[in-house]
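# An overview of the molecular structure
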Amino acid sequence: MTSTLTLPQARRIALEAQGLSRVRSTQPAGTREVGRILERIQLLQIDSVNVLARSHYLPVFARAGAYDRALLDRMAGQSPRRLVEYWAHEASFIRPALFPYLLTVQSRKWASASSLPEELTESLSSRILELLERSRPLTAAQVQDRIGHVEDRTSDQWGWNWSSVKRVLEDLFQHGLVTSAGRTPQFERRYTLTGKVMPDLVRAQVDVSAEEAYLHLAERAAKALGIGMVRCIADYFRTPIKPTTAAIHTLVQRGTLVPVSVQGWSQPAYRFAGSILPRSADGRALLSPFDSMVFERRRLLALFGFHYRIEIYTPAQKRQFGYYVLPFLLRDQMVARVDLKADRPSGRLLVRAAHGELSMPPDTGVELAEELTLMARWLGLSQVVVEERGDLSAELGALMVGKYGWELNRGTVRLSRRLNSPESGVPRLGAKTSAITS
(Lines give C-alpha, C1' and ligand atoms only; values in the text may rest on other atoms or scores of the structure.)
Protein backbone atom coordinates (compact mmCIF):
# COMPACT_ATOMS: atom_id res chain seq x y z
CA MET A 1 0.00 0.00 0.00
CA THR A 2 1.06 3.57 -0.67
CA SER A 3 1.35 5.67 2.46
CA THR A 4 0.49 9.36 2.54
CA LEU A 5 2.74 12.10 3.86
CA THR A 6 1.94 15.72 4.57
CA LEU A 7 4.02 18.34 2.82
CA PRO A 8 5.80 19.36 6.07
CA GLN A 9 6.70 15.71 6.66
CA ALA A 10 8.14 15.41 3.14
CA ARG A 11 10.15 18.60 3.73
CA ARG A 12 11.65 17.29 6.95
CA ILE A 13 12.59 13.97 5.33
CA ALA A 14 14.32 15.82 2.48
CA LEU A 15 16.17 18.22 4.78
CA GLU A 16 17.32 15.42 7.08
CA ALA A 17 18.58 13.37 4.12
CA GLN A 18 20.60 16.33 2.89
CA GLY A 19 22.03 17.12 6.32
CA LEU A 20 20.18 20.43 6.64
CA SER A 21 17.59 19.76 9.33
CA ARG A 22 19.67 20.30 12.44
CA VAL A 23 21.47 23.18 14.11
CA ARG A 24 25.13 23.05 13.16
CA SER A 25 27.89 22.58 15.65
CA THR A 26 29.73 25.72 16.68
CA GLN A 27 33.03 23.84 16.47
CA PRO A 28 34.93 23.95 13.15
CA ALA A 29 34.33 20.77 11.16
CA GLY A 30 37.25 18.40 10.70
CA THR A 31 38.00 15.71 8.14
CA ARG A 32 35.63 13.20 9.74
CA GLU A 33 32.65 15.57 9.71
CA VAL A 34 33.34 16.70 6.14
CA GLY A 35 33.61 13.04 5.15
CA ARG A 36 30.19 12.34 6.67
CA ILE A 37 28.69 15.19 4.64
CA LEU A 38 30.21 13.80 1.45
CA GLU A 39 28.91 10.33 2.26
CA ARG A 40 25.46 11.84 2.69
CA ILE A 41 25.21 14.03 -0.42
CA GLN A 42 27.56 11.97 -2.66
CA LEU A 43 28.85 14.84 -4.83
CA LEU A 44 29.90 18.47 -4.91
CA GLN A 45 29.14 20.24 -8.17
CA ILE A 46 32.04 22.21 -9.66
CA ASP A 47 31.57 25.57 -11.37
CA SER A 48 34.04 28.16 -12.57
CA VAL A 49 32.04 31.14 -11.24
CA ASN A 50 33.93 32.59 -8.28
CA VAL A 51 31.89 35.68 -7.45
CA LEU A 52 31.38 34.48 -3.85
CA ALA A 53 33.43 31.29 -3.46
CA ARG A 54 34.01 28.25 -5.63
CA SER A 55 30.71 26.38 -5.70
CA HIS A 56 32.04 23.12 -4.25
CA TYR A 57 33.06 24.83 -1.00
CA LEU A 58 29.60 26.24 -0.24
CA PRO A 59 27.52 23.05 0.36
CA VAL A 60 29.90 21.96 3.12
CA PHE A 61 29.66 25.40 4.74
CA ALA A 62 25.84 25.18 4.57
CA ARG A 63 25.94 21.90 6.51
CA ALA A 64 28.96 22.33 8.78
CA GLY A 65 29.40 26.07 9.20
CA ALA A 66 32.90 27.52 9.28
CA TYR A 67 35.49 24.92 8.24
CA ASP A 68 38.91 24.95 6.66
CA ARG A 69 38.48 24.89 2.87
CA ALA A 70 41.96 23.37 2.62
CA LEU A 71 40.34 20.13 3.84
CA LEU A 72 38.49 19.77 0.53
CA ASP A 73 41.61 20.76 -1.39
CA ARG A 74 43.54 17.96 0.28
CA MET A 75 40.74 15.44 -0.23
CA ALA A 76 40.72 16.20 -3.97
CA GLY A 77 44.39 16.96 -4.53
CA GLN A 78 46.46 14.68 -2.29
CA SER A 79 46.81 10.92 -2.03
CA PRO A 80 44.96 8.91 -0.95
CA ARG A 81 42.19 10.94 -2.57
CA ARG A 82 38.72 10.91 -1.05
CA LEU A 83 37.33 13.00 -3.90
CA VAL A 84 37.90 12.69 -7.64
CA GLU A 85 36.49 14.61 -10.58
CA TYR A 86 33.98 13.22 -13.04
CA TRP A 87 30.62 13.92 -14.63
CA ALA A 88 27.74 13.48 -12.19
CA HIS A 89 24.94 16.06 -11.94
CA GLU A 90 27.40 18.18 -13.90
CA ALA A 91 31.17 18.32 -13.52
CA SER A 92 31.59 17.29 -9.89
CA PHE A 93 33.82 16.07 -7.15
CA ILE A 94 32.58 12.58 -6.36
CA ARG A 95 33.50 9.83 -3.97
CA PRO A 96 35.82 7.37 -5.79
CA ALA A 97 33.40 4.49 -5.21
CA LEU A 98 30.93 6.13 -7.61
CA PHE A 99 33.41 6.38 -10.47
CA PRO A 100 32.84 3.02 -12.25
CA TYR A 101 29.05 3.44 -12.13
CA LEU A 102 29.11 6.96 -13.53
CA LEU A 103 31.73 5.99 -16.12
CA THR A 104 29.36 3.32 -17.45
CA VAL A 105 26.40 5.64 -18.09
CA GLN A 106 27.62 9.23 -18.33
CA SER A 107 28.08 10.92 -21.70
CA ARG A 108 28.58 14.57 -22.64
CA LYS A 109 28.76 14.76 -26.43
CA TRP A 110 29.60 18.46 -26.35
CA ALA A 111 32.72 17.64 -24.32
CA SER A 112 33.92 14.91 -26.68
CA ALA A 113 36.25 14.90 -29.67
CA SER A 114 33.53 13.71 -32.05
CA SER A 115 33.83 16.87 -34.17
CA LEU A 116 37.51 16.22 -34.92
CA PRO A 117 38.85 14.01 -37.75
CA GLU A 118 39.34 10.46 -36.50
CA GLU A 119 43.01 10.39 -37.54
CA LEU A 120 43.74 13.57 -35.56
CA THR A 121 41.95 12.25 -32.48
CA GLU A 122 43.89 8.97 -32.56
CA SER A 123 47.22 10.73 -33.05
CA LEU A 124 46.67 13.26 -30.29
CA SER A 125 45.29 10.63 -27.90
CA SER A 126 48.38 8.46 -28.30
CA ARG A 127 50.78 11.38 -27.82
CA ILE A 128 48.88 12.75 -24.83
CA LEU A 129 48.71 9.41 -23.02
CA GLU A 130 52.42 8.81 -23.62
CA LEU A 131 53.24 12.27 -22.26
CA LEU A 132 51.07 11.94 -19.14
CA GLU A 133 52.56 8.51 -18.41
CA ARG A 134 55.99 10.08 -17.82
CA SER A 135 55.15 13.60 -16.68
CA ARG A 136 53.71 15.39 -13.72
CA PRO A 137 50.08 16.63 -14.01
CA LEU A 138 49.72 19.25 -16.75
CA THR A 139 47.15 21.80 -17.88
CA ALA A 140 45.74 21.60 -21.41
CA ALA A 141 48.02 24.46 -22.51
CA GLN A 142 51.06 22.70 -21.05
CA VAL A 143 50.12 19.45 -22.79
CA GLN A 144 49.74 21.24 -26.11
CA ASP A 145 53.12 22.91 -25.68
CA ARG A 146 54.88 19.68 -24.63
CA ILE A 147 53.63 17.64 -27.61
CA GLY A 148 54.30 20.53 -29.98
CA HIS A 149 50.83 20.65 -31.50
CA VAL A 150 50.16 23.83 -33.47
CA GLU A 151 46.86 24.77 -35.06
CA ASP A 152 45.05 27.80 -36.41
CA ARG A 153 42.16 28.77 -34.16
CA THR A 154 39.43 31.35 -34.55
CA SER A 155 37.78 33.25 -31.72
CA ASP A 156 34.34 33.50 -33.33
CA GLN A 157 33.12 30.03 -32.38
CA TRP A 158 30.24 29.66 -29.97
CA GLY A 159 31.01 28.12 -26.61
CA TRP A 160 34.37 27.35 -25.06
CA ASN A 161 36.41 27.59 -28.27
CA TRP A 162 38.57 24.67 -27.17
CA SER A 163 41.70 23.64 -29.01
CA SER A 164 41.93 20.15 -30.50
CA VAL A 165 44.23 19.11 -27.64
CA LYS A 166 41.70 20.31 -25.05
CA ARG A 167 38.90 18.45 -26.85
CA VAL A 168 40.89 15.22 -26.91
CA LEU A 169 41.82 15.63 -23.25
CA GLU A 170 38.14 16.03 -22.36
CA ASP A 171 37.30 13.00 -24.50
CA LEU A 172 39.91 10.95 -22.64
CA PHE A 173 38.53 12.34 -19.36
CA GLN A 174 35.03 11.23 -20.31
CA HIS A 175 36.28 7.75 -21.16
CA GLY A 176 38.02 7.49 -17.80
CA LEU A 177 41.57 7.31 -19.18
CA VAL A 178 42.71 10.64 -17.79
CA THR A 179 41.43 12.66 -14.88
CA SER A 180 42.19 15.78 -12.89
CA ALA A 181 44.94 15.70 -10.28
CA GLY A 182 43.84 19.09 -9.00
CA ARG A 183 43.18 22.63 -10.16
CA THR A 184 45.39 25.65 -10.75
CA PRO A 185 44.63 29.00 -9.06
CA GLN A 186 42.88 29.91 -12.33
CA PHE A 187 40.78 26.74 -11.89
CA GLU A 188 42.25 24.90 -14.86
CA ARG A 189 42.37 21.14 -14.66
CA ARG A 190 45.77 19.56 -14.17
CA TYR A 191 45.46 16.38 -16.21
CA THR A 192 47.08 13.06 -15.41
CA LEU A 193 46.41 9.37 -16.00
CA THR A 194 43.46 8.07 -13.98
CA GLY A 195 45.61 5.28 -12.57
CA LYS A 196 47.84 7.85 -10.86
CA VAL A 197 44.93 9.38 -8.95
CA MET A 198 42.46 6.66 -8.01
CA PRO A 199 43.05 5.35 -4.47
CA ASP A 200 41.87 1.89 -5.57
CA LEU A 201 42.50 1.42 -9.28
CA VAL A 202 41.17 -2.15 -9.34
CA ARG A 203 37.83 -1.00 -7.92
CA ALA A 204 37.74 2.00 -10.24
CA GLN A 205 38.22 -0.23 -13.28
CA VAL A 206 35.64 -2.85 -12.34
CA ASP A 207 33.33 -3.74 -15.22
CA VAL A 208 29.81 -2.56 -14.39
CA SER A 209 26.77 -3.26 -16.57
CA ALA A 210 24.43 -0.43 -17.47
CA GLU A 211 21.60 -2.05 -15.50
CA GLU A 212 23.78 -2.37 -12.41
CA ALA A 213 24.97 1.23 -12.79
CA TYR A 214 21.46 2.67 -13.03
CA LEU A 215 20.38 0.64 -10.00
CA HIS A 216 23.31 1.83 -7.91
CA LEU A 217 22.96 5.47 -8.93
CA ALA A 218 19.19 5.50 -8.40
CA GLU A 219 19.67 4.07 -4.91
CA ARG A 220 22.42 6.60 -4.06
CA ALA A 221 20.31 9.47 -5.39
CA ALA A 222 17.20 8.37 -3.51
CA LYS A 223 19.15 8.07 -0.29
CA ALA A 224 20.65 11.54 -0.74
CA LEU A 225 17.24 13.04 -1.49
CA GLY A 226 15.26 11.13 1.13
CA ILE A 227 12.12 11.50 -0.94
CA GLY A 228 11.46 12.45 -4.54
CA MET A 229 9.63 11.80 -7.76
CA VAL A 230 11.21 9.83 -10.64
CA ARG A 231 12.49 12.95 -12.34
CA CYS A 232 14.13 14.13 -9.09
CA ILE A 233 15.98 10.85 -8.65
CA ALA A 234 17.06 10.83 -12.31
CA ASP A 235 18.22 14.44 -12.15
CA TYR A 236 20.59 13.90 -9.21
CA PHE A 237 23.18 12.12 -11.39
CA ARG A 238 21.61 13.22 -14.70
CA THR A 239 20.58 9.71 -15.73
CA PRO A 240 17.89 9.11 -18.41
CA ILE A 241 14.30 8.79 -17.23
CA LYS A 242 13.52 5.39 -18.80
CA PRO A 243 16.34 3.29 -17.26
CA THR A 244 16.03 5.22 -13.99
CA THR A 245 12.32 4.37 -13.83
CA ALA A 246 13.13 0.70 -14.38
CA ALA A 247 15.75 0.88 -11.63
CA ILE A 248 13.26 2.50 -9.24
CA HIS A 249 10.74 -0.28 -9.84
CA THR A 250 13.42 -2.86 -9.02
CA LEU A 251 14.37 -0.98 -5.86
CA VAL A 252 10.70 -0.90 -4.82
CA GLN A 253 10.49 -4.68 -5.27
CA ARG A 254 13.59 -5.07 -3.11
CA GLY A 255 12.13 -2.83 -0.40
CA THR A 256 14.87 -0.22 -0.82
CA LEU A 257 12.34 2.41 -1.92
CA VAL A 258 8.79 2.84 -0.67
CA PRO A 259 6.06 4.39 -2.85
CA VAL A 260 4.42 7.33 -1.08
CA SER A 261 1.85 9.97 -1.83
CA VAL A 262 2.61 13.54 -0.76
CA GLN A 263 -0.31 15.87 -0.20
CA GLY A 264 -0.40 18.44 -2.98
CA TRP A 265 1.85 16.49 -5.35
CA SER A 266 0.30 15.36 -8.61
CA GLN A 267 2.83 12.59 -9.23
CA PRO A 268 3.76 9.57 -7.11
CA ALA A 269 6.90 9.81 -5.01
CA TYR A 270 9.38 7.37 -3.56
CA ARG A 271 10.89 7.45 -0.10
CA PHE A 272 14.20 5.83 0.72
CA ALA A 273 13.39 3.05 3.17
CA GLY A 274 16.14 4.08 5.57
CA SER A 275 15.26 7.78 5.56
CA ILE A 276 14.47 9.56 8.83
CA LEU A 277 11.47 11.76 9.54
CA PRO A 278 12.64 14.14 12.29
CA ARG A 279 10.10 15.70 14.63
CA SER A 280 11.28 19.16 13.61
CA ALA A 281 13.73 20.89 11.31
CA ASP A 282 15.81 23.51 13.08
CA GLY A 283 18.64 24.23 10.66
CA ARG A 284 19.70 27.41 8.91
CA ALA A 285 21.74 27.77 5.74
CA LEU A 286 22.56 29.87 2.71
CA LEU A 287 22.42 27.48 -0.24
CA SER A 288 24.63 27.78 -3.29
CA PRO A 289 22.85 27.83 -6.68
CA PHE A 290 24.70 24.53 -7.25
CA ASP A 291 23.78 22.90 -3.93
CA SER A 292 22.29 19.41 -4.22
CA MET A 293 19.30 20.57 -2.16
CA VAL A 294 18.25 22.85 -5.01
CA PHE A 295 19.33 20.76 -8.03
CA GLU A 296 15.83 20.00 -9.27
CA ARG A 297 13.95 23.30 -9.36
CA ARG A 298 10.50 21.71 -9.73
CA ARG A 299 11.13 19.62 -6.62
CA LEU A 300 12.15 22.79 -4.80
CA LEU A 301 8.87 24.39 -5.84
CA ALA A 302 6.83 21.31 -4.87
CA LEU A 303 8.51 21.00 -1.46
CA PHE A 304 8.78 24.64 -0.41
CA GLY A 305 6.63 26.67 -2.81
CA PHE A 306 9.91 28.39 -3.74
CA HIS A 307 10.38 29.39 -7.38
CA TYR A 308 14.10 29.66 -8.08
CA ARG A 309 16.10 30.24 -11.24
CA ILE A 310 19.77 31.10 -11.52
CA GLU A 311 20.21 34.39 -13.41
CA ILE A 312 23.94 34.33 -14.11
CA TYR A 313 23.28 34.01 -17.85
CA THR A 314 20.39 36.50 -17.85
CA PRO A 315 21.21 40.04 -19.09
CA ALA A 316 21.65 42.37 -16.11
CA GLN A 317 18.66 44.53 -16.98
CA LYS A 318 16.37 41.48 -17.06
CA ARG A 319 17.43 39.92 -13.75
CA GLN A 320 14.71 39.80 -11.12
CA PHE A 321 16.77 38.98 -8.02
CA GLY A 322 20.43 39.29 -8.98
CA TYR A 323 23.52 37.62 -10.44
CA TYR A 324 24.52 35.08 -7.78
CA VAL A 325 21.46 34.50 -5.62
CA LEU A 326 21.46 32.08 -2.69
CA PRO A 327 18.21 30.78 -1.16
CA PHE A 328 18.09 31.21 2.62
CA LEU A 329 16.77 28.16 4.45
CA LEU A 330 15.39 28.75 7.93
CA ARG A 331 14.07 25.72 9.77
CA ASP A 332 11.75 24.02 7.24
CA GLN A 333 11.14 26.96 4.89
CA MET A 334 12.97 28.84 2.16
CA VAL A 335 12.34 32.28 3.62
CA ALA A 336 14.52 34.66 1.57
CA ARG A 337 17.08 34.99 -1.19
CA VAL A 338 20.22 37.13 -1.25
CA ASP A 339 22.49 38.20 -4.08
CA LEU A 340 26.05 37.94 -2.73
CA LYS A 341 29.50 38.91 -3.89
CA ALA A 342 32.87 38.66 -2.16
CA ASP A 343 34.83 41.84 -2.85
CA ARG A 344 38.18 40.35 -1.91
CA PRO A 345 40.46 43.36 -2.59
CA SER A 346 38.46 45.49 -0.13
CA GLY A 347 37.70 42.63 2.27
CA ARG A 348 33.92 43.06 2.00
CA LEU A 349 30.98 40.69 1.65
CA LEU A 350 28.51 42.57 -0.53
CA VAL A 351 24.81 41.87 -0.10
CA ARG A 352 23.74 43.26 -3.46
CA ALA A 353 20.08 42.49 -2.80
CA ALA A 354 17.92 40.83 -0.14
CA HIS A 355 14.41 39.64 -0.93
CA GLY A 356 12.07 38.00 1.56
CA GLU A 357 9.32 35.50 0.83
CA LEU A 358 5.74 36.31 1.77
CA SER A 359 5.78 33.51 4.35
CA MET A 360 9.04 34.53 6.06
CA PRO A 361 8.87 34.41 9.88
CA PRO A 362 9.53 37.52 12.04
CA ASP A 363 13.09 36.45 12.94
CA THR A 364 14.26 36.14 9.33
CA GLY A 365 16.32 39.36 9.52
CA VAL A 366 18.10 38.35 12.73
CA GLU A 367 18.90 34.86 11.47
CA LEU A 368 20.03 36.10 8.07
CA ALA A 369 22.30 38.69 9.70
CA GLU A 370 23.93 35.97 11.79
CA GLU A 371 24.42 33.74 8.77
CA LEU A 372 25.91 36.50 6.63
CA THR A 373 28.33 37.46 9.37
CA LEU A 374 29.39 33.85 9.87
CA MET A 375 29.94 33.53 6.12
CA ALA A 376 32.01 36.71 5.97
CA ARG A 377 34.31 35.48 8.72
CA TRP A 378 34.63 32.08 7.05
CA LEU A 379 35.64 33.76 3.78
CA GLY A 380 38.17 35.95 5.57
CA LEU A 381 36.27 39.17 4.85
CA SER A 382 36.27 41.94 7.43
CA GLN A 383 33.11 43.83 6.44
CA VAL A 384 29.54 43.08 5.43
CA VAL A 385 27.86 45.66 3.21
CA VAL A 386 24.10 45.57 2.59
CA GLU A 387 22.98 47.51 -0.45
CA GLU A 388 19.48 48.98 -0.69
CA ARG A 389 17.89 46.58 -3.15
CA GLY A 390 15.12 44.16 -2.37
CA ASP A 391 12.19 44.26 0.04
CA LEU A 392 14.23 42.72 2.87
CA SER A 393 17.24 45.03 2.61
CA ALA A 394 15.69 47.95 4.53
CA GLU A 395 14.67 45.72 7.43
CA LEU A 396 18.03 43.99 7.40
CA GLY A 397 19.82 47.34 7.35
CA ALA A 398 17.69 48.85 10.11
CA LEU A 399 18.25 45.79 12.27
CA MET A 400 22.00 45.97 11.82
CA VAL A 401 22.18 49.72 12.44
CA GLY A 402 19.80 49.83 15.39
CA LYS A 403 20.66 46.64 17.21
CA TYR A 404 24.17 45.65 16.23
CA GLY A 405 25.99 48.98 15.99
CA TRP A 406 26.51 49.00 12.24
CA GLU A 407 26.74 52.36 10.51
CA LEU A 408 24.77 53.65 7.51
CA ASN A 409 26.91 54.93 4.66
CA ARG A 410 25.47 56.26 1.39
CA GLY A 411 22.78 53.71 0.80
CA THR A 412 24.65 50.79 2.32
CA VAL A 413 25.00 49.30 5.75
CA ARG A 414 28.47 48.24 6.80
CA LEU A 415 30.03 46.79 9.92
CA SER A 416 31.85 49.63 11.68
CA ARG A 417 34.62 47.46 13.17
CA ARG A 418 36.51 44.42 11.97
CA LEU A 419 34.62 41.18 12.46
CA ASN A 420 37.60 39.38 13.96
CA SER A 421 38.78 42.07 16.35
CA PRO A 422 38.24 41.35 20.06
CA GLU A 423 37.18 44.96 20.68
CA SER A 424 34.38 44.86 18.13
CA GLY A 425 31.76 43.80 20.67
CA VAL A 426 30.50 41.15 18.25
CA PRO A 427 30.31 37.68 19.83
CA ARG A 428 32.86 35.19 18.53
CA LEU A 429 32.00 31.89 16.86
CA GLY A 430 30.69 29.47 19.43
CA ALA A 431 29.23 32.03 21.81
CA LYS A 432 25.62 31.40 22.79
CA THR A 433 23.75 34.43 21.55
CA SER A 434 20.74 35.47 19.54
CA ALA A 435 22.71 38.34 18.00
CA ILE A 436 25.13 38.22 15.11
CA THR A 437 27.80 35.57 15.56
CA SER A 438 31.21 36.57 14.28
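Procedures and definitions
- Residues numbered from 1 in each chain as written.
- Predicted model: local features only at pLDDT ≥ 70, side-chain atom pairs only at ≥ 80, totals over all residues.
- Heavy atoms only, no water.
- Pairing = 2+ DSSP bridges.
- Helix = DSSP H or I, 4+ residues; strand = E, 2+ residues; numbered from the N terminus.
- Axes fitted to C-alpha atoms, helices over the stretch in contact; angles between N-to-C directions.
- Phe/Tyr/Trp six-rings, centres within 6.5 Å; stacked < 30°, edge-to-face > 60°.
- Buried < 20%, exposed > 50% of the residue type's maximum accessible area, 1.4 Å probe, protein only.
- Salt bridge = Lys/Arg side-chain N within 4 Å of Asp/Glu carboxyl O.

Per an unreviewed UniProt entry, the protein carries the name Winged helix-turn-helix domain-containing protein and comes from Arthrobacter pigmenti.

Attention shifts here to the sheet that holds strand β4 (residues 91-94). Pairing within the open sheet is antiparallel, and its three strands lie in the order β2-β4-β3. Two strands bound the open sheet, and with one partner strand each, they are β2 (43-45) and β3 (84-87). Mean inter-strand twist for the sheet, computed between neighbouring axes without regard to direction, equals 35 degrees.

With that settled, consider the packing of aromatic side chains. The full count for this structure, using the stated rule, is nine aromatic pairs. Measuring from ring centre to ring centre gives 5.6 Å for Y86 and F173, while their planes differ by 35 degrees; the resulting arrangement is tilted. Here the residue Y86 occupies a position in strand β3, and F173 occupies one in helix α8 (residues 164-174), the gap between them amounting to 87 residues. A residue is classified by how much of its surface remains accessible, and Y86, at 1% relative accessible area, is buried. Since its relative accessible area comes to 1%, F173 is described here as buried. Note on W87 and W110: the rings are 5.5 Å apart at their centroids and 80 degrees apart in plane angle, and the pair reads as edge-to-face. Linking W87 in strand β3 with W110 in the loop between α5 (99-105) and α6 (118-134), this pair joins segments that are 23 residues apart in sequence.

Once that is clear, we can look at the pairing of strand β13 (residues 348-356). Buried residues dominate β13, accounting for eight of its nine residues. For strand β12 (residues 333-343) and β13, the ladder comprises eight bridges, and the chain directions are antiparallel. Paired with A342 across the two strands is L349, which belongs to β13. The hairpin formed by β12 and β13 contains four residues between the paired strands, and G347 there has a positive phi angle of roughly 70 degrees.

Applying the stated criterion to the full structure yields 22 salt bridges. A salt bridge links E16 to R22, with the shortest nitrogen-to-oxygen separation between them at 2.7 Å. By relative accessible area, R22 is classed as exposed at 54%. Its salt-bridge partner being R284, residue E367 comes within 2.9 Å of it at the nearest N-O pair.

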